Amino acid sequence: IAPENDDSKHISIPCSVCQQTIYPYHLLHHKKTHKALTLLGFDSPQTETDNKTLLAQRQKLISKLTKIPKYSETHRQKIDYSFEFLMDYHTPASYCDLPNINNPSTFKKVTNSLIKALSICQDKNSTWQGDMEDRFIVLDNYGNRSDTCFLGLVDGSHGVTAAETVAAELPLLFLDQLAQTDSSYKKSKDEQQILDSFATVIKADYREKEKIFSDKPGNDETNKTNTYEWIHKAYAKSFWRMDRLLQLGRNEVSKVRWSGCSGVTCLVERIPSKETDGTEEEERKHSGNNTNSPLARTATGVAGLLHVANIGNVHAVLCKNGKSHCLSKEHSTSNVSERKRILQNGGNISTNEPDGLVEGYLRTTRGLGHHGDPVLKRSVIPVPHTISVPIDDTCQFLILASNGLWEVLDYNEVLALTLKTFTHYLRTHEHVQQNGTSPHKCQHLVPLTEDNLNDSKAINDLQDGTEILYSNKDIFLTDSKGNLKENKPNQELLKTVSPVGSKLPPQFEEDRKTYLSNCKSQTAGRGRVISETFYDNAASYISEQLVKTALAAGSRDNITILIVLLNGCDKI
């Protein structure tokens, strides 16, 4: 899959803190330097310090610390560790091979016309983990509907049992809920038989509690055609039922503490051309009067829809026009609203670094499973965050990834690496076609169109990142006893994660001009001769590079990356 004479070691990405371009194998050391400088009280993360300055700053901080009545030995240790790290600073080697991955990537063939290619790459991260607890879901022609597929990624915790069960049964539960509202979703006999077997668990008293999910009488058709609330409720109800099935403890090994999982799922559906007009009006209605909304900007030419639900710390990121849009929400102790919810309901959060653990055990605040500990389960609820967004030909990539990637790279860094890796692979492919050899030491830039770079409004959007996506936020909550209660749906404002800084770094400015000059001699995807396997190979190559980069950046968790190349990638 990798190009012959691969020179991917020359691909660098901008640090989201200082905007300096960094090679993947330098990321871990670079971020540690930022953290150490910040802890020692230097205002700028790019501060150049000598040993004398570091020593003076350390003495100043310790002097202040010893005068505080509540002296913290832990804080003193952090100051010393940061000081020693910066004193022993050594410039990293100019080049270091990225770590090898145990399992090669696999690409899945899907017939959805919105998707050019799909690839999954996993690594157990054997340095830190003994077992692979991640699972993924790729279902083509979901619900016997053409141009509809269901994607998912499940990150297991303290065992793989819950993740395996969710990967197998959650798609069925969601399909069952969709079929009750939309008759175009069909279930096979085998699927219906499995769903019927759940009737012994989902009993009458349990169904009574589920009435909170039902639409109000008389407006079910309106909700179905004018909003996506019915899909969000289908997600919420299927996650609720999935958690109930995990309460059975099937195949659990431990009798004390059962496994659990985080997850992200995505329903990808194409909008038939005959429905496009109505959908455009619908998107405009959802986007309101905000012209900066992706919904407003994509109202014309909308090709399909993404319906995303996530729970825990597994995330989905959409690349649109070279900008990252996070479609998920972080459910962990680092989320202030989640901490507040747990504490108000009588839960406890420990003082473990960096943000504490729920009941001293778990970092995620929402998830499926974890039924072995009733005290923990009181705080860790099975309520997903849901969102629906349109996709068109400006959407380039969709990335679903487990915590192993997001704990070391942020959304901007992942996006930049994805775009650069794809551009590198594309240029190599074109060079081989023209000359029969692979180029060496070619630098590639995040592809930005010349129109966008010359458009002051586009630049401002890129800098402040005030994008609005329609979302049904936490429709259902649970009280301290675990019962459901309704929270009125509202529109949540999701800020786009955009590159930090007011202008491009000098390194980018020079490369940008080079890139634009090269683009003038090409057709930006139009008229390009591409082999049948190009997109499959490119998706596999990108997923492998992301996994390798996460390993090099110091990830300590299982890593699973599911990358989808959308139609917009051929315009890069």
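Sequence order sets the numbering: in each chain, residues are counted from 1 along the sequence as written. Reporting in this predicted model follows two pLDDT cut-offs: at least 70 for local features of residues, and 80 or more for side-chain atom pairs to be given and counted; totals over whole chains, interfaces and linings ignore these cut-offs and use all residues. Heavy atoms from the whole structure form the basis of all side-chain values; hydrogens and water molecules are not counted.

The name an unreviewed UniProt entry assigns to the protein is PP2D1 protein, from the organism Nyctibius bracteatus. UniProt lists a comment for the protein under the heading Sequence similarities (unreviewed entry), and it reads "Belongs to the PP2C family." UniProt positions are given in the numbering used here, feature names are shortened, and annotations may be inferred rather than shown by experiment.

(A) How the structure looks around helix α11 (residues 336-344). Taken residue by residue, α11 has Glu-338, Arg-341 and Ile-342 as its buried positions. In a view along the axis of α11, the buried residues occupy a sector of 95°, so they form one face of it. Those residues of α11 that are exposed and angled more than 90 degrees off the buried face are Val-336, Lys-340 and Gln-344. The secondary structure elements touched by the buried residues of α11 are α12 (374-379). One or two steps after α11, the chain reaches Gly-346, where phi turns positive at roughly 90°. Relative accessibility under 20% of the residue-type maximum defines a buried residue, over 50% an exposed one, and the middle range a partly exposed one, all with a 1.4 Å probe and only protein chains included. Per the convention used, a helix needs a DSSP run of H or I reaching at least four residues, while a strand needs a run of E reaching at least two, with both numbered from the N terminus. Note that the arc is defined by the directions from the helix axis to the C-beta atoms. The criterion used for residue contact is that any of the two residues' heavy atoms lie within 4.5 Å.

(B) Local environment of the packing of helix α1 (residues 27-39) against helix α3 (residues 73-87). To define axes, lines are fitted to C-alpha atoms, for helices over the stretch in contact only, and angles between the resulting N-to-C directions are given on a 0 to 180 degree scale. Look at α1 against α3: their axes get within 9 Å of each other, and the N-to-C directions meet at 130°. The orientation of α1 relative to α3 falls into the category oblique. Crossing angle aside, the handedness with which α1 passes α3 is left-handed. Listed contacts from α3 to His-29, Lys-32, Thr-33, Ala-36, Leu-37 and Leu-39 of α1 are Lys-78, Ile-79, Ser-82, Phe-85 and Leu-86. Under the convention adopted here, Pro, Cys and the residues Ala, Val, Leu, Ile, Met, Phe, Trp and Tyr are nonpolar, Asp, Glu, Lys and Arg are charged, and Gly plus all remaining residues are polar. Along the lines of polarity and charge, the residues of the contact of α1 with α3 split into six nonpolar, three polar and two charged. Oblique is the label for any angle not covered by the other classes, which are roughly parallel (under 35 degrees), roughly antiparallel (over 145) and roughly perpendicular (65 to 115). Throughout, a crossing is termed right-handed when the near helix is turned clockwise from the far one, and left-handed when it is turned anticlockwise from it by less than a right angle.

(C) Quick peek at the sheet that holds strand β4 (residues 115-123). A strand pair is defined by DSSP finding two or more bridges across the two strands. Strand order in the open sheet formed by six strands is β3-β4-β17-β13-β9-β10, and the pairing between neighbours is antiparallel. Two strands lie at the open edges of the sheet, namely β3 (106-107) and β10 (323-326), each paired on one side alone. Where helix α14 (residues 411-435) meets the sheet, its contacts fall on β9 (315-320), β10, β13 (395-401) and β17 (559-566), and the angle it forms with β13 comes to roughly 125°. Packing against the sheet, helix α18 (residues 534-552) makes contact with β3, β4, β13 and β17, and its axis sits at approximately 30° to β4.

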